[in-house]
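# Analysis of the macromolecular model
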Amino acid sequence: MAQKITGKVTSKNEGINLLGVSVQVKGTTNGTITDATGSYTINASPSSVLVFSFIGYRSLEVNAENQTTINVSLEEDATSLNEVIVTALGIKKEAKKLGYSAETVKVDEIQKNRTTNIMTSMEGKVAGLDISPPSSGAGSSTKVRLRGQSAFAGANNSPLIVINGLPMDQGARGANGNNSIDLGDNMQQFNPDDVESMTVLKGATAAAIYGSRAANGAIIITTKNGSKNSGIGVEFTSNFASDEVLDFTHFQQEYGQGQAGKRPQNQGNAVTTGQFGWGEKYDGVPTVQFDGVLRPYSPNPNRIKDFFRNGQSFTNTIALSGGNAKGSFRASYSNQDALGISPNNNYHKKIFNLGVNQKINDKLSVQVNVNYTNEINNNPPQVGVQGVGSPNFLYRLANSISLDALREKAVADNGTERQTSGFQSTLINPYFIMDRQFIKNKRDRFLGTATVRYDILKWLYVQGRVNMDYGVSFLEQNLPTGVGTSTLLNGAGTGFNGTYGVNTNTGRQMNIDFLLGGSHNFKNFSVDVSLGGNAFDNANRTFDQSVTDFTVKDLYSIENGITKSQTFGIYKEKVNSLYGFAELGYKDMFFLNLTGRNDWFSVLNPQNNSSFYPSVSGSFIFSEVLRNVSWLNYGKLRGSFADVGSVNGIGAFTGLLNYGILQNPFNGYSLGTINNGTSPNPLLRPFSVSEKEIGVELKMFNSRVNVDIAAYDKQTRDQILTVEISNASGYTGTPLNLGSLQNRGMEFMLEVVPVKNSNFTWRSSFNTAINTTKVLSLAPNTNRLIVSSFGGNEFLGSLVYEVGQPLNQLAAKTYLRNANGDIVLQNNGRLLASTGPDVLLGSALPKFTGGWNNTFSYKTLSLLVHFDYKAGGKVLSSTALNGLRQGHTEASLVGREGGVVFPGVLADGQKNTVAVDPQLFYTDYRNLQIADPFLFKSDFIKLRNITLSYDMTRLIGSKAKFVKGLTLSASCRNVLIIKKYLPDLDPEANASSGDFRVGYEQTSLPTTRTYGFNLNAKF
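What you are looking at is a predicted structure, and each value in this text was computed from that prediction instead of being measured.

## A short note on the overall build of the protein
Along its length, the protein carries 10 helices and 49 strands. For 1019 residues, the compact-globule estimate of 2.2 N^0.38 gives 31 Å, and the C-alpha radius of gyration of the protein, at 31 Å, lies within 12% of that figure. For the protein, the spread of C-alpha atoms along the principal axes amounts to about 95 × 70 × 65 Å. Residue burial in the protein is summarised as follows: out of 1019 residues, 57% are buried. The contacts of the protein with a sequence gap of at least 6 include a subset with a gap of at least 24, amounting to 69%. Accessible surface, the protein: about 41,600 Å² in total, of which carbon and sulfur atoms supply 56%. Considering the protein, the positive charge centre built from 93 side chains and the negative charge centre built from 81 side chains are found 5 Å apart.

## Here's the deal with the packing of aromatic side chains
Scanning the entire structure with this criterion turns up 28 aromatic pairs. The rings of W278, Y815, F902, F921, Y922, Y925 and F934 are connected pair by pair, giving a single aromatic cluster. The lysine or arginine in question, R436, covers the ring of F432, its NZ or CZ lying 4.2 Å from the ring centre. Here the basic side chain of R453 rests over the ring of Y461, its NZ or CZ set 3.8 Å away from the ring centre.

## Focus: the sheet that holds strand β10 (residues 102-104)
Either a parallel or an antiparallel arrangement is found when strands of a sheet pair, and the pairing is made through backbone hydrogen bonds. Pairing is mixed in the open sheet, where five strands are placed in the order β10-β15-β16-β13-β14. Looking at which strands have only one partner, the edges of the open sheet turn out to be β10 and β14 (166-168). Each neighbouring strand pair of the sheet contributes to a mean axis angle of 20 degrees, computed without reference to strand direction.

## A word on the UniProt feature "domain: TonB-dependent receptor plug" (unreviewed entry) in the protein
Within the UniProt annotation, "domain: TonB-dependent receptor plug" (unreviewed entry) is assigned to residues 96-218. Secondary structure content for residues 96-218 is 8% helix and 21% strand, while the C-alpha to C-alpha distance between its ends is 19 Å.

## Regarding the pattern of salt bridges
Evaluation of the coordinates by the stated rule reveals 54 salt bridges. E751 is the salt-bridge partner of K106, the closest N and O atoms lying 3.7 Å from each other. Of this pair, K106 sits in the loop between β10 and α1 (107-112) while E751 sits in strand β36 (residues 733-756), and the two are 645 residues apart along the sequence. Between K1018 and E235 there is a salt bridge, with its nearest N and O atoms 3.4 Å apart. Placement of K1018 in strand β49 (residues 1008-1018) and of E235 in strand β17 (residues 233-245) is noted, with a sequence separation of 783 residues between them. A relative accessible area of 7% places K1018 in the buried class. Since its relative accessible area comes to 13%, E235 is described here as buried. Each member of the salt-bridge network shares a partner with another, and the members are E103, R147, K202, K636, R638, E691, E693, E697, D708 and E747.

## Thoughts on helix α8 (residues 878-885)
Buried residues dominate α8, accounting for eight of its eight residues. All buried positions along α8 are accounted for by S878, T879, A880, L881, N882, G883, L884 and R885. Here α8 starts with a cap whose side-chain oxygen sits 3.4 Å from the backbone nitrogen of T879, and that cap is S877.

## Focus on unusual backbone geometry
Most peptide bonds take the trans configuration, and most residues that are not glycine carry a negative phi. One non-glycine residue, D588, adopts positive backbone phi at about 55 degrees. Relative to the assigned elements, D588 resides in the loop between β28 (561-586) and β29 (590-601). Assessed through its relative accessible area of 42%, D588 is described here as partly exposed. For N781, which is not glycine, the phi dihedral falls at a positive 60 degrees. One can find N781 in the loop between β37 (760-777) and β38 (784-789).

## Things to note about the side chain of K870
Along the polypeptide, K870 turns up in strand β43 (residues 861-871). Of the polar contacts made by the side chain of K870, one reaches the side chain of D130; its length is 2.7 Å. Sequence-distant contacts of K870, defined by excluding residues within four places in its chain, comprise D130, I131, S132, P846, F848, T849, D939 and F940.

## Looking at the nonpolar core
Core analysis: the biggest nonpolar cluster contains 75 residues, and F902 and Y925 have the highest contact counts within it. Not counting residues within four places of it along the chain, the set of residues in contact with F902 comprises Y815, I823, L825, L831, N912, F921 and Y925. Formed by 30 residues, the second largest nonpolar core is a distinct cluster that contains L98, Y461, F581 and V689.

## Overview of the sheet that holds strand β2 (residues 22-25)
Read across the open sheet, the four strands follow the order β3-β2-β5-β6; overall the sheet is antiparallel. Whereas interior strands pair on both sides, the edge strands pair on one side only; in this sheet they are β3 (31-33) and β6 (60-63). The average undirected angle you get between the axes of adjacent strands in this sheet is 20 degrees. In this sheet, β3 lies alongside β2 in antiparallel orientation, the contact comprising three bridges.

## Looking at the packing of α8 against helix α9 (residues 918-928)
Orientation of α8 relative to α9, taken along the N-to-C sense of each, is 155 degrees, at an axis distance of 8 Å. In terms of orientation, α8 lies roughly antiparallel with respect to α9. For α8 against α9, the interelement crossing comes out left-handed. On the side of α8, the interface is formed by L881, L884 and R885, while α9 contributes Q919, Y922, T923, Y925 and R926.

## Considering the pairing of strand β25 (residues 460-479)
Strand direction decides the pairing type here: strand β24 (residues 439-457) and β25, joined by 18 bridges, are antiparallel. For F446, the partnering residue across the bridge sits in β25 and is Y470. Between β24 and the antiparallel strand that follows it, β25, lie two residues. Inspection of the sheet shows β25 paired to strand β26 (residues 496-522) by 20 bridges, in the antiparallel sense. Paired with E476 across the two strands is V502, which belongs to β26.

Cut-offs and rules
Residues numbered from 1 in each chain as written. Predicted model: local features only at pLDDT ≥ 70, side-chain atom pairs only at ≥ 80, totals over all residues. Heavy atoms only, no water. Helix = DSSP H or I, 4+ residues; strand = E, 2+ residues; numbered from the N terminus. Rg over C-alpha atoms; globule rule 2.2 N^0.38 Å. Buried < 20%, exposed > 50% of the residue type's maximum accessible area, 1.4 Å probe, protein only. Contact = heavy atoms within 4.5 Å. Areas by Shrake-Rupley, 256 points an atom, 1.4 Å probe, with all protein chains shown as cover. Lys, Arg positive; Asp, Glu negative; His and termini not counted. Charge placed at Lys NZ, Arg CZ, Asp CG, Glu CD. Phe/Tyr/Trp six-rings, centres within 6.5 Å; stacked < 30°, edge-to-face > 60°. Lys NZ or Arg CZ within 6 Å of the ring centre and 35° of its normal. Pairing = 2+ DSSP bridges. Axes fitted to C-alpha atoms, helices over the stretch in contact; angles between N-to-C directions. UniProt positions renumbered as here; feature names shortened; annotations may be inferred. Salt bridge = Lys/Arg side-chain N within 4 Å of Asp/Glu carboxyl O. Polar contact = N/O pair within 3.5 Å; in protein donor to acceptor, adjacent residues only side chain to side chain. Core = buried A, V, L, I, M, F, W, Y, C linked by side-chain atoms within 4.5 Å. Parallel < 35°, antiparallel > 145°, perpendicular 65-115°, else oblique. Left-handed = near helix turned anticlockwise from the far one by under 90°.

Spelled out as structure tokens, the structure:
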């Protein structure tokens, strides 16, 4: 008679719990696997034999003998190295057969060091994966780049995300200058507790089977489906995190508000000089301020921390799982409530996840995965531009003005915002706007996948899969009446000023695919061949309504608006594909992989709508011929080539004339118009990415020293650029396939186990990557392309592409110099700017990225310490510019007494001895667009994470049998900046997750240090 047997499986050498160990009744199909705490449950007869097996460990057989609890420890087997990873299309393969670089993420570390966006917790974890989370609110997006930026700005440069076989874009909706709020991305909808595995497919070859969506590599995610023969289990996870605001500003605290060395003498003077710190030395004497009140003339050094609050996040997940001999299931519900550091920002997320595996009979099996996410993001902070955002105001207002005064006197007598500075329209008092402005973003997202597999023969199967990605988002926002002005009325006096708008976006993506696959061994040879196809259908519609000015004050609605506008847009595209791949093996030592995919695009001209994407890769397990080398456990050489592409930049109607009807009639008649800004080109084609890669993998000294090295060369061709044409055509340009770009680099991973005994293990892993870029070509007769201009309202410089130079060059004016290299000044001692085109200042992209991870395990106690770094990039800081010209930073102290005598020469070559008023001198940097003092290295080294975990299962489980696992962990994220070069800010304090504002710093939120506490219990 069968009895219920429970137990736990641990590593004999390290004492850690082992997840995924196969526990099977010998001679039967009855089996299960262990969970994250190493626990298992199985039904077996007293005379049964349980077989425990796990990759990298020696199998163990144990007689049941009427035992109801069987705990075992497995020994590592250095000769068992057939690691299995999830690859493209969700296919599991032995790592030794892969001819390209693929890395499995340690999911347990992500779960213990959780962040609102799951990608943020992966910073510095994977060689070649560059993650940059902008500092833009609780529900913000994350910039993710794999082996550099594959294409010019405007294309999607983030890796393809594949969740349970469903491919989707990252979908970052970040701040980019025109839009100053970050509304998150698609990675927000994944709960770390639901993730079973995550694999990073780095190169084009690794993702080549995805064809036109594979240009940037892929991240493959599978979620949990429960375990067979496991009975019913309940898992509860609770996490609390607190975000401490980090203030890196070291602004000068010697001089207060004013101009020309004088403090304000009256209210009018106090208003017009509120943005300047060029006054007298602080002395505490009561001085008039913007509201006419006398207050002590003293600094307020803690204004940043006093304005922002500590952020908080509560996350709770409950999961129910179970299984029998034929199938398993897991259902979970997660709720997160987060408060951003901005006083009025809050973020709420609910996630429901369901995974079901069921074997209908010996040949037919079904898998279903469902994910539903509901997000509400209230008042995401406005960052990256002048105007409404609170960081812009706090960094640029005179430090002698207290927060209390700004809060109490925010409203003028007529109900408008009380003016606090001479920059009335660009420095907005947050205490006025926070109570009146609303930005509400609600998003519902449904992901569903159904897979049916039929095993025709033991070596042959057919599989069909349908998945859908459906989302609806609603955005409502206003700009209140009276912001940045002293009047409530619009310019014509016909209504109250302000704006209001609503936007609804609905998107649906359908993927239908099939796969016919078979594998067979012929003596020394092995063959694995698959053929398949995919139909991708993408449909999107957007409805936008907005109004300017209102009939009734403070009533924000479409009906109350005076000037109305609305747009309705639709987008549809389809891609049909056929693909195949083959794997040939010889003596389990040589492996050759071939893939090919052909895509047919609906957005292209039917005469030119087909693209073929091939790849070839191979691996040689050279350790098989070096078995007498005792210290070498495993060695592999690999190499690959792939040609993939991307249709990004070609829309559904890009190659056609787009017609419209003007909103306002002329003499009673409606007029039509052509909406194209550029001449349509029906011959556009997808750009392509060719990548070559070689690599070596080594496992040595009983796998206590492991090395993985990769080198790659990636070239992107036929990128779409707009070429100027004669305006006599009615257009300013036309898009052509012209641009090309190169990324070259190396990746290195070293993992060592310096100490290992029965009680204590120290495991250390270091990864680093170097990536160099080069713009190979632009349009004919064009060597420079301006991507974004940061002059004018944006203050300083531009982002450009320059042929022959690394990608994303920062450019600006510099000092005028003579033939000797001396800085040439005007005869009055003031600056002169260089003439001609802006000077290139260096690439904004880091060349080097990496991390160092250390795990110390003592019995059931574990300590993780993680460092990461970036180096080789440049940043232009508008905070440094404004702080200098407005008298706030320590750099502005130079010349306060006696004027600025700048080290340079006059036109006649004589040394400059003329002293210039510091405010006049430093203001010239802005007026002349000279960037030298505001260009910094963006490099940093950070102690990123410290996590302490304690597995209490043995302690609690012996007293409460129903407890199958109990783990407590505490973590600290962004512990310490060990080295940086950017003054007054965190080098990661950027506002955008896109490619148009790379290397340009302007008024993002301060970064935070996060303290987290996590409880995981299994019953």
